[in-house]
Amino acid sequence: MEASFRILDFLNFRRFINKIDIRSKIFDLSDESDYEFVEAPQLNIYQKLTLCELIQLRDLVNGTHFAIELNSMLHELLYQESELV
Amino acid sequence: MRDLLRQRTSLKEEIEILLNNQVKMEAEASSKYLAMASWCDRNGYKNSAAYFLKQSDEERGHMLKIFNYIMTVGGTAISPEVAPVKQEFASFRSVFEAALQSEISVTQSINRIVTQSRREEDYGTENFIQWFVNEQIEEEDNARRAIELFDVIGEEGTGRYHIDKAILKISSES
């Protein structure tokens with residue numbers, strides 16, 4: 001599965017994924033909580049994910065977010081440096 | 001790599017969450033005032049009903065102000081889900097006591113936003129929210145004045161009728 005988000009859509013997607021309470025879905029024995037529907041309408045993504053896949057997606061999304069934030073922080077520091085010169 | 005994040009939005013995530021919560025809170029305040037207006041009208045306090053309808057509109061205006069601000073700074077403004085509000089009240093006085101309590105909660109929430117924006121060094125949001133700090137002073141003052149009328153006029157006899165009449169004058173006093 002491939003997806004390329006616009007940054008704001010990505011942030012909202014991350015918010016959606018983080019809000020899913022995986023823990024209670026694990027302990028819920030009913031059939032519906034075995035899967036979760038993940039949508040990103042603007043990219044035509046409509047997927048049914050198992051809990052394992054959900055956890056992997058969550059890690060991937062949070063890791064990507066970390067990389068983006070790190071990039072922001074570096075930009076802030078680097079431009080501060082060049083202004084002092 | 002370009003600074004994708006900062007170019008798109010100047011809001012830190014924590015502030016954005018707080019602002020969206022405030023949107024929800026103002027929407028709920030608007031809904032609470034509507035319930036109060038309905039109760040007052042049902043129980044014969046027509047002027048108070050009109051006063052609460054006006055308050056409800058004002059709160060919605062506040063909500064839209066914050067909503068527009070979030071959009072302006074590049075955040076995601078979330079349309080609020082309003083929790084069910086209390087429709088029945090024990091007495092005429094308790095309606096105004098509930099109104100004051102609601103305004104106090106809003107003030108405390110606004111103060112938390114100021115604190116957090118200072119912590120995050122988001123001076124734009126701090127400046128923006130100062131308008132609400134001042135507005136809340138006025139709102140609490142009005143809510144307190146309404147309750148004060150109960151003590152000044154007294155509820156015996158035709159007291160409640162006179163209190164209801166005096167409520168209309170509150171916003172024009174300030």
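One structure accompanies this document, and this report is about it. In this text the structure is predicted, and so the values were computed from the model without any measurement.

Quick look at the pattern of salt bridges now. Opposite charge on two side chains allows them to pair when their charged atoms are near. All names here are of chain B. Under the criterion given, the structure shown has 14 salt bridges over all chains. Of the charged contacts in the structure, one is a salt bridge between Glu148 and Arg145, with a shortest N-O distance of 2.5 Å. Linking Glu148 with Arg145, this pair stays in helix α5 (residues 123-153), spanning 3 residues, or about one helical turn. Classification of Glu148 as partly exposed rests on a relative accessible area of 40%. Between Glu155 and Arg160 there is a salt bridge, with its nearest N and O atoms 2.9 Å apart. Among the residues examined, Glu155 registers a relative accessible area of 22% and is labelled partly exposed. When salt bridges with common partners are traced through the structure, they connect Arg93, Glu97 and Asp151 into a single cluster.

With that settled, consider the interface of chain B and chain A. Contacts between the two partners involve 13 residues from chain B, matched on the other side by 13 residues from chain A. Linking chain B with chain A are 2 salt bridges. Salt-bridge contacts for Arg15 of chain A lead to Glu16 of chain B; the nearest nitrogen and oxygen are separated by 3.4 Å. Viewed at the interface, chain A and chain B are joined by 6 residue pairs in polar contact (both at pLDDT 80 or more). Counting only elements with at least two residues in the side of chain B that touches chain A, the list comes to α1 (4-8) and α2 (13-42) of chain B.

Residue and element names in this part refer to chain B. What the rule picks out here adds up to 1 cavity of 30 Å³ or more. By volume, the largest cavity amounts to about 60 Å³. Tyr33, Tyr51, Phe52, Gln55, Phe96, Ala99, Glu103, Glu139, Asn142, Ala143 and Ala146 are the residues that line the largest cavity. Mapped onto the lining of the largest cavity, the elements with two or more residues apiece are α3 (46-72), α4 (92-119) and α5. The dominant element in the lining of the largest cavity, judged by the number of residues it contributes, is α5, at 4 residues. When the residues that make up the lining of the largest cavity are grouped by side-chain class, the tally is 7 nonpolar, 2 polar and 2 charged.

It is worth spelling out a nonpolar patch on the surface at this point. Residues and elements named next belong to chain A. On the surface, Phe66, Leu70, Leu74 and Leu78 cluster together into a nonpolar patch covering about 410 Å² of accessible area. Assignment of secondary structure puts Leu74 in helix α3 (residues 51-84). The exposure class assigned to Leu74 is partly exposed, which follows from its relative accessible area of 43%.

Time to look at α5 of chain B. Residue and element names in this part refer to chain B. Taking 1.5 Å as the rise per residue, α5 with 31 residues should run 45 Å; its terminal C-alpha atoms sit 45 Å apart, in good agreement. Maximum bend of α5: about 25 degrees, positioned at Ile129. For α5, the N-terminal capping position is held by Asp122, with its side-chain oxygen 3.4 Å away from the main-chain nitrogen of Gly124. Looking at the residues trailing α5, positive phi occurs at Gly154, about 80 degrees.

What counts, and where the lines are drawn
- Residues numbered from 1 in each chain as written.
- Chains lettered and ligands numbered in written order.
- Predicted model: local features only at pLDDT ≥ 70, side-chain atom pairs only at ≥ 80, totals over all residues.
- Heavy atoms only, no water.
- Salt bridge = Lys/Arg side-chain N within 4 Å of Asp/Glu carboxyl O.
- Helix = DSSP H or I, 4+ residues; strand = E, 2+ residues; numbered from the N terminus.
- Buried < 20%, exposed > 50% of the residue type's maximum accessible area, 1.4 Å probe, protein only.
- Contact = heavy atoms within 4.5 Å.
- Polar contact = N/O pair within 3.5 Å; in protein donor to acceptor, adjacent residues only side chain to side chain.
- 1 Å grid on protein atoms, 1.4 Å probe; cavity = no way out; pocket = protein on both sides within 12 Å on 5 of 7 lines; lining within 4 Å.
- Points joined across faces, edges and corners; volume = space filled by probe spheres on them.
- Nonpolar A, V, L, I, M, F, W, Y, C, P; charged D, E, K, R; others polar.
- Patch = residues over 30% accessible without salt bridge, like charges linked within 9 Å, V, L, I, M, F, W, Y side chains within 5 Å.
- Areas by Shrake-Rupley, 256 points an atom, 1.4 Å probe, with all protein chains shown as cover.
- Expected span 1.5 Å × (residues − 1).
- Bend = angle between axes of the 7 residues up to and from the residue.

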